[in-house]
Structure formats: C-alpha cells, structure tokens
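Coordinate analysis (summary)
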Amino acid sequence: MKCPACSNMETKVIDSRVVEDWMWIRRRRSCEYCENRFTTYEKVAVTDLLVLKRDWSKQMYDRDKLKRALVIAYGKKNLSLEKIDDIIAKLENKWSWMGKEIASKKLWEDILNVLRDEDDVAYVRFASVFMEFETKKDFKDILK
Ligand SMILES: [Zn+2]
C-alpha cells in the first residue's frame, strides 16, 4: 500500500480492527520512510451501484457526493474525516450485499439510521441538507 504522503511502497500495518457485523476491516498503517500514518479499509467493493430514484430515473451512486454531505452534516466543530470514512465504509459494505440497484429512499434511510446512532446533531443536519436534493415527501416518510 503506497504512502499517500511520499508515495513510498514500504508501509507497515500497526493496527487492524475487524468489525464483524459489517464484515470489514480497518487498518492503521505507518510509512517506513516518512512515518506518515494513514488508514485503509478492506471490504467488498461498491463499484457500479445504481440508485433508483422516485421518478424511476437511475443515477450512479456517488461516493464524493455522500462524503461532501456528511462533511457538511458534521460541521467544522465535530468534523473527523476518519469517522466519515468509517461511516461510508459501513454503508457501502451493507449496500454491496444488496445487488446492483438500491432505491434512493432505502439509501437515505440507511444513512440516517447510521447517523442517528453516531451523532444526533449530524443526523438532523444531514436530514435538512438532503431536503434540497430529494423531494420533501420522501423525507417526511423517513423521519416519521
Ligand atoms: Zn511516506
């Protein structure tokens, strides 16, 4: 695994954590050259997941969009990119067992369920951020 700071190929694993219910592994690595520490995830890849929208149109799942939304939801005060990567890894792992398509409503439900366990403030903010992207009715259904 290449070091993201110096591109050196020699990195060692300093900690591995298996989260069994989600079936993914998180590893802390250390670069043997510059001693930079970084995290990698081992999980089933979510490659071409299609999101089925309410109006029956389809859209490719967009990890960057989800990440941006989570960054906004956490806000500057609570922001931990590592935590956000954890959340995305959890969700993608879950979705990877569901096949090639997922209904957008199910997608938002899963995200909100995970956030509700993690952080109340982020949960409420995320819900309001996505009011802009999805129809209000969907959200009223989910939040009930
Ligand atoms: Zn390095």
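What you are looking at is a predicted structure, and each value in this text was computed from that prediction instead of being measured. (Residues numbered from 1 in each chain as written. Predicted model: local features only at pLDDT ≥ 70, side-chain atom pairs only at ≥ 80, totals over all residues.)

Topic: the environment of Asn 93
Which entries qualify depends on this criterion: In this description a helix means any DSSP run of H or I spanning at least four residues, a strand means any run of E spanning at least two, and both kinds are numbered starting from the N terminus.
Its location among the elements puts Asn 93 in helix 2 (residues 81-96). Here the alpha-carbon distance between Asn 93 and Trp 24, two residues 69 residues apart in the chain, equals 7.3 Å.

Regarding the nonpolar core
Rules: Remark: nonpolar core denotes a set of buried Ala, Val, Leu, Ile, Met, Phe, Trp, Tyr and Cys residues whose joining runs through C-beta atoms within 7 Å. In this scheme the burial state of a residue depends on its C-beta neighbours within 10 Å: 20 or more other such atoms mean buried, 12 or fewer mean exposed, and anything in between means partly exposed; the C-beta positions come from the backbone. Our contact criterion uses C-beta atoms placed from the backbone: two residues qualify when those atoms are within 7 Å.
Grouped together as the largest cluster of nonpolar side chains are twelve residues: Leu 70, Ala 73, Tyr 74, Ile 84, Ile 87, Leu 91, Leu 107, Trp 108, Ile 111, Leu 115, Ala 122 and Phe 126. For this core, the secondary-structure elements that each account for two or more residues are helix 1 (63-78), helix 2, helix 3 (104-118) and helix 4 (120-131). At four residues, the largest contribution of residues to this core is made by helix 3. Apart from the residues lying within four places of it in its own chain, the contact partners of Leu 70 are Ile 84, Ile 87 and Phe 126.

Considering the packing of helix 2 against helix 3
Heads up, the condition is: Angles here are taken between N-to-C directions and fall from 0 to 180 degrees, while the axes themselves are lines fitted to C-alpha atoms, restricted in helices to the stretch in contact. By the definition adopted for this analysis, an angle is roughly parallel if under 35 degrees, roughly antiparallel if over 145, roughly perpendicular if from 65 to 115, and oblique otherwise. Take the far helix as the reference: if the near one is turned anticlockwise from it by less than a right angle, the crossing is left-handed, and if turned clockwise, right-handed. Charged means Asp, Glu, Lys or Arg here, nonpolar means Ala, Val, Leu, Ile, Met, Phe, Trp, Tyr, Cys or Pro, and polar covers whatever is left, Gly included.
With their axes 10 Å apart at the nearest point, helix 2 and helix 3 run at an angle of 140° to one another. When the axis of helix 2 is compared with that of helix 3, the two are oblique. At the point where helix 2 passes helix 3, the crossing takes the right-handed sense. Between helix 2, through Ile 87, Lys 90, Leu 91 and Lys 94, and helix 3, the contact on the second element is made entirely by Asp 110, Ile 111, Val 114 and Glu 118. Across the contact of helix 2 with helix 3, the residue classes break down as four nonpolar, no polar and four charged.

Structural notes on the sheet that holds strand 4 (residues 50-52)
The following threshold applies: Strand pairing is assigned whenever DSSP detects at least two bridges linking the two strands.
Ordered in space as 5-4-6, the three strands form an open sheet in which the pairing is mixed. Strand pairing shows two members of the sheet lacking a second neighbour, strand 5 (58-60) and strand 6 (101-103), which therefore form its edges. Here the strands of the sheet are splayed against their neighbours by 30° on average, with no regard to which way each runs. For strand 4 and strand 6, the ladder comprises three bridges, and the chain directions are parallel. By the bridge assignment, Leu 50 is partnered in strand 6 with Glu 101. Lying on the sheet, helix 3 is in contact with strand 4 and strand 6; it crosses strand 6 at an angle near 75°.

Thoughts on unusual backbone geometry
Located in the positive-phi region is Glu 35, a residue other than glycine, with phi close to 65°. Within the element layout of this structure, Glu 35 appears in the loop between strand 2 (24-31) and strand 3 (37-42). Here the phi dihedral of Trp 56 falls at roughly 75°; this positive angle occurs in a residue that is not glycine. Checked against the element boundaries, Trp 56 lands in the loop between strand 4 and strand 5.

All we've got here are geometric facts, nothing functional implied.
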